[in-house]
2 protein chains.
Amino acid sequence: MSVLIVGSTALDSIKTPKTENPRLLGGSASHAAVAASFFSPVNMVGVVGEDFPKEYLKLYRKHGIDLAGLQIKPGKTFHWSGEYELNMNNRRTLLTELGVFETFSPELPKAYQRTPFVLLANIAPALQHHVLDQSSGAKFVVADTMDLWLNIALGDLIKLLKRVDGFVLNDSEAQQLTKEDNVFNALKKIHQMGPKYVIIKQGSHGSILSGPKGLFICPAYPLKQVVDPTGAGDSFVGGMMGYLASARGSLDANLRRAMIHGSVVASFCCEGFGVNRTTKVKRADIAKRVKELEQLTRF
Amino acid sequence: MSVLIVGSTALDSIKTPKTENPRLLGGSASHAAVAASFFSPVNMVGVVGEDFPKEYLKLYRKHGIDLAGLQIKPGKTFHWSGEYELNMNNRRTLLTELGVFETFSPELPKAYQRTPFVLLANIAPALQHHVLDQSSGAKFVVADTMDLWLNIALGDLIKLLKRVDGFVLNDSEAQQLTKEDNVFNALKKIHQMGPKYVIIKQGSHGSILSGPKGLFICPAYPLKQVVDPTGAGDSFVGGMMGYLASARGSLDANLRRAMIHGSVVASFCCEGFGVNRTTKVKRADIAKRVKELEQLTRF
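Residues numbered from 1 in each chain as written. Chains lettered and ligands numbered in written order. Predicted model: local features only at pLDDT ≥ 70, side-chain atom pairs only at ≥ 80, totals over all residues. Heavy atoms only, no water.

### So, the overall build of chain A
As a reminder, the rule being used: Numbering goes from the N terminus for both helices and strands, where a helix is a DSSP run of H or I of at least four residues and a strand is a run of E of at least two. Each radius of gyration reported is based on C-alpha atoms, and the globular scaling rule is 2.2 Å times the count of residues to the power 0.38. Working definition: with a 1.4 Å probe on protein chains only, accessible area under 20% of the residue-type maximum means buried, over 50% means exposed, and in between means partly exposed. Contact between two residues is taken to exist if any of their heavy atoms lie within 4.5 Å; hydrogens are not considered. All accessible-area figures derive from a Shrake-Rupley calculation using a 1.4 Å probe, and residue coverage is judged against the displayed protein chains alone. For this count, His and the chain ends are skipped, Lys and Arg are scored as positive, and Asp and Glu as negative. A single reference atom marks each charge: NZ on Lys, CZ on Arg, CG on Asp, CD on Glu.
Across its full length, chain A carries 10 helices and 13 strands. For 299 residues, the compact-globule estimate of 2.2 N^0.38 gives 19 Å, and chain A sits close to it at 18 Å. Among the 299 residues that make up chain A, the fraction classed as buried is 61%. For chain A, contacts bridging at least 24 residues in sequence account for 64% of all contacts bridging at least 6. For chain A, the exposed surface amounts to about 12,400 Å²; the carbon and sulfur share of it is 51%. Of the charged side chains in chain A, 35 are positive and 27 negative; the average position of the first set lies 7 Å away from that of the second.

Dropping the structure here:
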């Protein structure tokens, strides 16, 4: 089955103490769509400007990502620039130019409206609502978010949580949303806000799922070198949704392995700038790391 | 088989925003010995003063802990006092009175010298060396440590690492010791210092083993309430060594399950002040949480 992914499509300029990497393919939808594409057909909804490099359109297509929902508008593509410290944990934003993203209104081509799996990747909650309004055939909807929306669009986000099946956020966002230091208490409070499935991402410590079948502690793949963690969270949730859409059987039975596959795709994402490493990955590379994670956690 | 445990035996006064808990049974050897006692006979080596409450000696004995190696000296028992913040993550030391611990020289009763499993719980590296000098029958030696010894006795610690089979430390100590932010690179560097097995503890994120059979990602048991984390690391390594001493078959085959059992005993430790919760645990309670951890990590 297919996955519908809506989110940001951007150019990312990423500085580290060692290198500068201007105008990489970035944005939550780009990372999530590439990650999902290893498992399922992807319908992507986003917007780019006329300056968007043709090679990036080719890259999407090479991954079988359907671009009927990608608007190309007069103006500039959303451009984000950030700088990482040496340990790759702390980053600061140097520049944000919204460009055509400022007036973006996601419109679903008719063929997308019945896509069963819907990933509302990180984007303003109002736009996530707008996509849901058009997703008449959605069977399983997951939303991602970021701290920005907790700060400036909390009301919209709270309303969104009543409309989605699953919600993904990181540990500091979960703490901000629930005022709970303890991750398990935070999970409980977020369930009370609506979603049946809640996943809290913990960076290099993996992630935790809470759902009707209880908790799942999902490991991160051990990485000796993190080149650029930008987009790792988007890759995780994209890979997870792609895997879910491809798997037979009950959702509860598939969700753990879906998270493991998302975790593995996210590990590749961290090993290169932008999508440089992820786009070179083969299904066999993913399968190998999944097997390794099985070995690393068995007792 | 038996475990020999040497470490501190102390009275801990622990303040939290809600309560004060004076003169609890504490110290690395106490926590580790109680934890190990669920699985194996324990020979404990330590020192207390004449003020040491008789009820605590009874408590050790109730756990089958052999006290032939516990010196009772004129003077006061080592007394540590600390205060936790509301989130139970940050603590500060209010007071340290070494008492009889200041001149402690661990002496192994003859019967202890051939104990096959030796845990050098957190204590000055010079004393850990002194115990090893007497442990003629040791088959598997593990050392724990703390940041204090990295700061004031690094030379002794480095020498110790060449004499032990396993070394346990937490993530910030590993970073301090190796100057490596990345935990997997830190593991590699610590192996180069000597130990065949290295375990890095990551608090509520569990722990990671690196050994001849590769890595093992060991989860922490999910806790909704942490009452007092003091001694959790000691309980982890104590439970692990107790389990190892009790298990048949090869060490490599047992080590993963040993860590899981240590992790579970540590979870109980966190649920009460001092050893209050741990000493009420039954083997069946441990087995139940081990089963839960299997369920929580399976995919």
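Now that the structure has been shown, the text picks up again.
### Describing the interface of chain A and chain B
Heads up, the rule is: The term buried area denotes the loss of accessible surface (1.4 Å probe radius) that occurs when two parts are joined, taken as the sum for both partners. Salt bridges are defined as contacts in which a side-chain nitrogen from Lys or Arg sits within 4 Å of a carboxyl oxygen from Asp or Glu. Whenever two N or O atoms come within 3.5 Å, that pair is a polar contact, provided that in protein one can donate a hydrogen and the other can accept it, and provided that, for residues adjacent in sequence, both atoms are side-chain atoms. Each residue is assigned to one of three groups, with Ala, Val, Leu, Ile, Met, Phe, Trp, Tyr, Cys and Pro labelled nonpolar, Asp, Glu, Lys and Arg labelled charged, and all others, Gly among them, labelled polar.
Facing 28 residues of chain A, the contacting portion of chain B comprises 27 residues. Carbon and sulfur atoms make up 62% of the surface buried where chain A meets chain B, a total of about 2,500 Å² over both sides. Taken together, the connections running from chain A to chain B amount to zero salt bridges. The tally of links from chain A across to chain B stands at 12 residue pairs in polar contact (both at pLDDT 80 or more). Here the side of chain A that touches chain B gets six residues from one element, more than from any other, and that element is helix H10 (residues 283-297) of chain A. When grouped by side-chain class, the residues that make up the side of chain A that touches chain B number 13 nonpolar, eight polar and seven charged.

### Here's the deal with the layout of surface pockets
The condition is simple: Cavity means a closed set of points on a 1 Å grid over the protein atoms alone, one where a 1.4 Å probe fits but cannot get out, pocket means an open set with protein on both sides within 12 Å along at least 5 of 7 lines, and lining means a residue has an atom within 4 Å of a point. Grid points are joined across faces, edges and corners, and a volume is the space filled by probe spheres set on the points.
What the second largest pocket holds in volume is close to 170 Å³. Lining the second largest pocket are Glu294(A), Thr297(A), Arg298(A), Phe299(A), Glu294(B), Thr297(B), Arg298(B) and Phe299(B). Of all the secondary structure elements, the ones that give two or more residues to the lining of the second largest pocket are H10 of chain A together with helix H10 (283-297) of chain B. Its residues assigned to classes, the lining of the second largest pocket shows two nonpolar, two polar and four charged.

### With respect to the sheet that holds strand E6 (residues 79-84) of chain A
All names here are of chain A. Convention followed: We call two strands paired when DSSP finds no fewer than two bridges between them. Helix axes are fitted only over the stretch in contact, all axes being lines through C-alpha atoms; the angle between N-to-C directions runs from 0 to 180 degrees.
Strand order in the open sheet formed by four strands is E3-E2-E6-E7, and the pairing between neighbours is mixed. Each of the sheet's edge strands pairs with one partner strand only, and the pair in question is strand E3 (20-26) and strand E7 (91-97). Along the sheet, successive strands turn relative to each other by an average axial angle of 20°, direction set aside. Examined bridge by bridge, strand E2 (residues 10-15) and E3 share five bridges and lie antiparallel to one another. Note that in E3 the partner of Leu 11 across the bridge is Leu 25. The strands touched by helix H2 (residues 54-62) within the sheet are E2 and E3, with E3 carrying the most contacts at an inclination of about 50°.

### Thoughts on the pattern of salt bridges
Residue and element names in this part refer to chain A. Overall, the coordinates contain 17 salt bridges over all chains when judged by the stated rule. The closest approach of N and O atoms between Asp 144 and Lys 201, which form a salt bridge, is 3.5 Å. Taken together, the residues span a long stretch of sequence, with Asp 144 in strand E9 (residues 140-144) and Lys 201 in strand E11 (residues 197-201) at a distance of 57 residues. One connected set of salt bridges, linked through shared partners, spans Glu 271, Arg 277 and Arg 289.

### Remarks on the pairing of strand E4 (residues 42-49) of chain B
Residues and elements named next belong to chain B. By the criterion of burial, E4 is predominantly enclosed, with eight of the eight residues buried. By the alternation rule, side chains of E4 split into Val 42, Met 44, Gly 46 and Val 48 and Asn 43, Val 45, Val 47 and Gly 49, which are all buried. Sheet topology note: the strand E1 (residues 3-6)/E4 ladder contains four bridges and is parallel. Following the sheet pairing, Leu 4 is matched in E4 by Asn 43.

### So, the side chain of Ser30(B)
Looking at the element boundaries, Ser30(B) is found in helix H1 (residues 28-36). If near-sequence neighbours (up to four positions away) are discounted, Ser30(B) is found in contact with Ser8(B), Thr9(B), Ala10(B), Leu25(B), Met44(B) and Tyr60(B).

### A few points about the relation of the copies chain A and chain B
Each of the two copies of the chain can be brought onto the other by a rotation about an axis and a shift along it. Which entries qualify depends on this criterion: Fitting of the copies onto one another was done by least squares over C-alpha atoms, counting residues only where both copies have pLDDT of at least 70.
Expressed as a screw transformation, the operator carrying chain A onto chain B has a rotation angle of 180° and an axial translation of 0.0 Å, and the superposed copies differ by an RMSD of 0.0 Å. On this basis, the relationship between the two copies can be described by a two-fold rotation axis. Residue His205(A) of chain A places its C-alpha closer to the rotation axis than any other residue of that unit, at 3.2 Å. When the interface residues of chain A are mapped onto chain B, 96% of them again fall at the interface, so both copies present the same face.

### Some remarks on the nonpolar core
We count it as follows: In this description, a nonpolar core means a group of buried Ala, Val, Leu, Ile, Met, Phe, Trp, Tyr and Cys residues linked to one another through side-chain atoms lying within 4.5 Å.
Core analysis: the largest hydrophobic core is formed by 61 residues, its most contacted members being Ile5(B), Tyr60(B), Met240(B), Met241(B) and Ile286(B). No other element matches helix H9 (residues 251-270) of chain B, which puts nine residues into this core. Those residues within four positions of Tyr60(B) in sequence are excluded, and the remaining contacts are Thr9(B), Leu25(B), Ser30(B), Met44(B), Phe52(B), Ile65(B), Leu67(B) and Leu70(B). Counting 60 residues, the second largest nonpolar core, distinct from the first, contains Tyr56(A), Phe140(A), Ala232(A) and Ile286(A).

### A short note on the sheet that holds strand E10 (residues 166-170) of chain A
Residues and elements named next belong to chain A. As summarised here, the arrangement of the nine strands in space is E5-E4-E1-E8-E9-E10-E11-E12-E13, forming an open sheet in which the pairing is mixed. On the outer flanks of this sheet lie strand E5 (65-73) and strand E13 (214-218), each paired with one strand and no other. Adjacent strand axes in the sheet meet at a mean angle of 15°, parallel and antiparallel pairs treated alike. Note: E11 against strand E12 (residues 207-211), four bridges, orientation antiparallel. By the bridge assignment, Ile 200 is partnered in E12 with Ile 208.

### Some remarks on the packing of helix H8 (residues 232-246) of chain A against helix H9 (residues 251-270) of chain A
How two helices sit against one another is set out by the angle between their axes and by the gap between those axes. Residue and element names in this part refer to chain A. The following threshold applies: The cut-offs work like this: below 35 degrees is roughly parallel, past 145 is roughly antiparallel, 65 to 115 is roughly perpendicular, and the gaps in between are oblique. By the definition used in this description, the sense in which the near helix is turned from the far one sets the handedness, with an anticlockwise turn below a right angle giving left-handed and a clockwise turn giving right-handed.
Axis separation between H8 and H9 bottoms out at 7 Å; the angle between their running directions is 140°. As summarised for this structure, H8 and H9 are arranged oblique, according to the angle between their axes. Taken as a pair, H8 and H9 cross one another with a handedness that is right-handed. Residue composition of the contact of H8 with H9, by class: 13 nonpolar, six polar and one charged.

### Notes on unusual backbone geometry
Glycine aside, the phi torsion of most residues is negative, and most peptide linkages are trans. Residues and elements named next belong to chain A. Its identity is not glycine, yet Lys 179 carries a phi of approximately 60°, on the positive side. Tracing the backbone through its elements, the reader meets Lys 179 in the loop between helix H6 (171-178) and helix H7 (183-192). The exposure class assigned to Lys 179 is exposed, which follows from its relative accessible area of 69%.

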